[in-house]
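# Structural overview for review
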Amino acid sequence: MTEDHTIQPDFRCGYAALIGAPNAGKSTLMNTILGMKISIVTAKPQTTRKRVLGFHTGDHHQIIFIDTPGLIQPRYELQTSMVNAAHSAITDADACCLLVDAPRAIETERMLPGELPGELLDLLRETRRPVLALLNKTDLVPNKGQLLPLIERTVAAYPFEAVIPISALNNDGIDTFLSALGPLLPPGPPLYPPDLLSDQPERFFVAEIIREKIFEQFRQEVPYATDVYIIEYREEETRDYIAAEIIVERESQKRILIGKGGEAIKRIGMSAREDVERFLDRPVYLDLHVRIREGWRDNAAWIRRLGY
Ligand SMILES: Nc1nc2c(ncn2[C@@H]2O[C@H](COP(=O)(O)OP(=O)(O)OP(=O)(O)O)[C@@H](O)[C@H]2O)c(=O)[nH]1
Ligand SMILES: [Mg+2]
């Protein structure tokens, strides 16, 4: 925004959905643009489970990014709600940004894995929103000549507004992307104050940070069988007291999460607290509890209760 906060007559403001396969780098891209870690990122697919909003305000536009869960063929209730979150973001957005994992697409000669491309492109066609294709992780493509055939295939696959190679991690191509996206938004004043980055409550970010640590520290099915929610959040004089419940599906998963003599849960708590304190910029006491909620991820009532 300009110094005096006067809004230019050609100012634009609107919603931009970040969509794509799991692990394509959607959350990384949003964080890079916002200059703050709003959405959790891990090396594992299906990290993001809910829509996360992030606001980017420039001189000429305010972009309300919607980070979405990766598109998959759902196999249980939680995944169904994840896909629904992505689909509704596409419908709600003024413009869509389809992220492609470029090195993976080059290797497999497909833009998106599995049966998704046809279905997704049909949905995009139906909604008639402008779509940008972002070929991400170009830092991992050693020979830039390899990008050309991928660009050609992408151009041929759909009438994208533009096909832009980027590296979300290295902040490469991001200015080009933002310059292409801004004009696709409708004219209008900003909807949010320029210094606001997101509208999610603090407890959402705290639960997400704990979930990120579980994704980072455990293998195989444990992260996917886990969810986190805040049961108590109390602002005390010297610190915030935050109690969170980590839910799992089975006794064996609870044992893994707690670890021998509680060392695993302690490790989650320590790394999560560090990040939560950095995020909130104040000291916190994190109180973690593990509980079994049998079959929660395939239980519609639980999915709703968990805010999906
Ligand atoms: N080298 C490289 N790695 C990247 C880039 N962008 C993202 N990554 C990595 O890719 C992995 C997945 O990134 P995320 O941002 O979590 O991907 P996502 O699309 O949000 O994934 P889901 O939430 O699971 O759908 C992480 O390990 C990131 O560090 C990039 O431009 N270059
Ligand atoms: Mg994500």
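Throughout what follows, the structure given in this document is the object of discussion. Remember, it's a predicted structure, so these values are computed and weren't measured experimentally. (Residues numbered from 1 in each chain as written. Chains lettered and ligands numbered in written order. Predicted model: local features only at pLDDT ≥ 70, side-chain atom pairs only at ≥ 80, totals over all residues. Heavy atoms only, no water.)

## Overview of the coordination of the magnesium ion (ligand 2)
Binding of the magnesium ion (ligand 2) to the protein goes through Ser27 (OG) and Thr48 (OG1), at separations of 2.0 to 2.1 Å. Of this pair, Ser27 sits in helix α1 (residues 26-34) while Thr48 sits in the loop between α1 and β2 (52-57), and the two are 21 residues apart along the sequence. Grouping residues by exposure puts Ser27 and Thr48 together as buried. (Donors = N, O, S within 2.8 Å, 3.2 Å for Na, K, Ca; no water. Helix = DSSP H or I, 4+ residues; strand = E, 2+ residues; numbered from the N terminus. Buried < 20%, exposed > 50% of the residue type's maximum accessible area, 1.4 Å probe, protein only.)

## Concerning the layout of surface pockets
When its volume is computed, the largest pocket comes out at roughly 370 Å³. What lines the largest pocket is a set of 23 residues, and nearest its centre among them are Asn23, Gly25, Thr28, Val41 and Lys137. By residue number, the principal contributor to the lining of the largest pocket is α1, which donates 3 residues. (1 Å grid on protein atoms, 1.4 Å probe; cavity = no way out; pocket = protein on both sides within 12 Å on 5 of 7 lines; lining within 4 Å. Points joined across faces, edges and corners; volume = space filled by probe spheres on them.)

## Notes on the sheet that holds β2
With mixed pairing, 6 strands are arranged side by side in an open sheet as β2-β3-β1-β4-β5-β6. Edge positions in the sheet fall to β2 and β6 (162-165), since each of these pairs with one other strand and no more. For this sheet, the mean angle separating the axes of adjacent strands, direction not counted, is 25 degrees. Bridge count for strand β1 (residues 12-20) against strand β4 (residues 95-101) is 5 bridges, and the pairing is parallel. Bridge pairing links Ala16 to Ala95 in β4. Each of β5 (131-136) and β6 touches helix α5 (residues 147-157); the most contacted strand, β6, lies at about 155 degrees to it. (Pairing = 2+ DSSP bridges. Axes fitted to C-alpha atoms, helices over the stretch in contact; angles between N-to-C directions. Contact = heavy atoms within 4.5 Å.)

## Focus on the nonpolar core
Most often, soluble globular proteins have nonpolar side chains that are buried together. The biggest cluster of nonpolar side chains holds 31 residues, and the ones touching the most others in it are Ile19, Leu98 and Leu124. Sorting elements by how many residues they give to this core places helix α4 (residues 116-127) first, with 4 residues. Those residues in contact with Leu124 that sit more than four places away from it in its chain are Ile19, Ile90, Cys96, Arg129, Val131 and Tyr158. Residues Cys97, Leu99, Phe177 and Leu178 belong to the second largest nonpolar core, which totals 27 residues. (Core = buried A, V, L, I, M, F, W, Y, C linked by side-chain atoms within 4.5 Å.)

## What about the site of ligand 1?
Around ligand 1, the structure places 23 residues, and the nearest of them are Lys26, Thr28, Gln46, Thr47 and Asp139. Gln46 is positioned with one of its backbone polar atoms (N or O) 2.7 Å from an oxygen atom of ligand 1. For ligand 1, an oxygen atom lies 3.2 Å from a polar atom in the side chain of Ser167. Bound to the protein, ligand 1 loses 90% of the 650 Å² it would expose on its own. No other element matches α1, which puts 3 residues into the shell around ligand 1. Grouping the amino acids of the shell around ligand 1 by side-chain chemistry returns 8 nonpolar, 11 polar and 4 charged. (Near = heavy atom within 4 Å. Polar contact = N/O pair within 3.5 Å; in protein donor to acceptor, adjacent residues only side chain to side chain. Areas by Shrake-Rupley, 256 points an atom, 1.4 Å probe, with all protein chains shown as cover. Nonpolar A, V, L, I, M, F, W, Y, C, P; charged D, E, K, R; others polar.)

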